[in-house]
Amino acid sequence: MIRSVFKGAGSALPANCVTNQELAERVDTSDEWIRERTGITCRHIAGEGETTASLATEAARAALADAGIEASDVDLIVLATATPDSTFPATATKVQHALGCNGGVAFDVAAVCSGFLYALATADAMLRSGMAKCALVIGAETMSRILDWEDRATCVLFGDGAGAFVLRAEDVAEDGPGILASKLHADGAHGELLYVDGGPSTTGTVGKLRMKGREVFRHAVVNLAEVLEEVLAATGHKPADIDWVVPHQANLRILDATARKLGLPIEKVVVTVDRHANTSAASVPLAFDVARRDGRIKPGDLVMLEAMGGGFTWGASLMRV
Ligand code: UT7
């Protein structure tokens, strides 16, 4: 059967790392509050010249090197972001040009923190249908540029970065590698709980991120547990079969609660929220890349990827590495 097979990953982080203590000097917060409520200790913040496209390009180059695949072999780039370099053209096309890919298809998807799961499922469908042969799937964000740095309830939670996967359509055995199933959901009824208060066709400005954190938290735990069960049911796997869960990194307490609902030990959950904070669409591939490079995620492992974000949007994918 034709599956989208994982060939390599890469990631990129801005040079500047900002600690909780440094934020406490700018807004009325404390290292203790941020650690206790979120698990975050620091986050990377893009400096001058670092953009979503530049971080995405760096992550994509690292992923191609890891996969041993030339940029000229890539015929599909799907880039998830809520913070594109410009309203248009798509940031994916900037990355395509910077990498020197020879044509093919390149576009962005907007599903905020679930963006990487949406991009992965889209690329997977295109690879399995024969529309493309080799894909770069990227999650990249400069969330710092849309934060209200006076709002302590949001500005301490987010960070910048990018992560990328290389996937290739390959004929594999039933128990072979590849993406086994993905499930995506959206519910626009909750748009006002997490949004940006601007946009090209409304205010004509970029706007700032606004969030009712406590309510988002409540929905996240319920929705994520449901979609994880759904993917397991679709593939006939049990929670105990999962080697690693790579979740969207919004809050350590959400990761704990989701693992507990599934009956999985927290040791099987890859945690990077402590050092990256919430990097929106970049968080899942960034966390995956960390766990793969430090030797935790190995070929043959069964890995569950999951995320929930503004919209609301949420989704999960089960992949045999
Ligand atoms: O990535 C997309 C999905 N996003 C998420 O999943 C985020 C989900 N939500 C969360 O992670 C948590 O709700 C937060 C971390 C955002 C907030 O934690 P919480 O335990 O839900 O706190 P809260 O919003 O209920 O606020 C508790 C208190 C409030 O003070 P009062 O009203 O109890 O006096 C806030 O004003 O904490 C106060 N507070 C702060 N205090 C110090 C809010 N932000 C801060 C801060 N420093 N940075």
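Rules behind the numbers
Residues numbered from 1 in each chain as written. Predicted model: local features only at pLDDT ≥ 70, side-chain atom pairs only at ≥ 80, totals over all residues. Heavy atoms only, no water. Phe/Tyr/Trp six-rings, centres within 6.5 Å; stacked < 30°, edge-to-face > 60°. Helix = DSSP H or I, 4+ residues; strand = E, 2+ residues; numbered from the N terminus. Domains from an automatic or database assignment. Contact = heavy atoms within 4.5 Å. Buried area = accessible area lost by both parts, 1.4 Å probe. Salt bridge = Lys/Arg side-chain N within 4 Å of Asp/Glu carboxyl O. Near = heavy atom within 4 Å. Polar contact = N/O pair within 3.5 Å; in protein donor to acceptor, adjacent residues only side chain to side chain. Areas by Shrake-Rupley, 256 points an atom, 1.4 Å probe, with all protein chains shown as cover. Nonpolar A, V, L, I, M, F, W, Y, C, P; charged D, E, K, R; others polar.

Considerations on the packing of aromatic side chains
Argument step 1. Tallied over the full model, the rule gives 4 aromatic pairs.
Argument step 2. Residues phenylalanine 6 and phenylalanine 165 carry aromatic rings whose centres are separated by 5.2 Å and whose planes lie at 80° to one another, so their mutual orientation is edge-to-face. Taken together, the residues phenylalanine 6 in strand E1 (residues 2-12) and phenylalanine 165 in strand E7 (residues 160-171) connect sequence positions 159 residues apart.
Argument step 3. Centre to centre, the rings of phenylalanine 116 and phenylalanine 165 are 5.0 Å apart; their planes meet at 80°, and the pair counts as edge-to-face.

Quick notes on the domain arrangement of the protein chain
Argument step 1. As far as domains go, the protein chain holds domain 1 (2-171) and domain 2 (178-320).
Argument step 2. Counting from both sides, the interface comprises 54 residues of domain 1 and, opposite them, 48 residues of domain 2.
Argument step 3. Between domain 1 and domain 2, a total of about 3,900 Å² is buried, with carbon and sulfur atoms accounting for 65% of that surface.
Argument step 4. The shortest N-O distance in the salt bridge between arginine 292 and aspartate 66 comes to 2.7 Å.

What to know about the site of the ligand
Argument step 1. Around the ligand lies a shell of 23 residues, among which Thr29, Arg152, Arg214, Asn251 and Asn278 are the nearest.
Argument step 2. In this structure, tryptophan 33 approaches the ligand through a side-chain N or O atom, which is 3.2 Å from an oxygen atom.
Argument step 3. The contact in question runs from an oxygen atom of the ligand to an N or O atom on the side chain of arginine 253, over 3.0 Å.
Argument step 4. In isolation the ligand has 950 Å² of accessible area, and contact with the protein removes 76% of it.
Argument step 5. Per element, the largest residue contribution to the shell around the ligand is 4 residues, and it comes from helix H7 (residues 213-235).
Argument step 6. Per-class residue counts for the shell around the ligand are 12 nonpolar, 6 polar and 5 charged.
Argument step 7. Two domains each donate at least three residues to the shell around the ligand, and these are domain 1 (2-171) and domain 2 (178-320).

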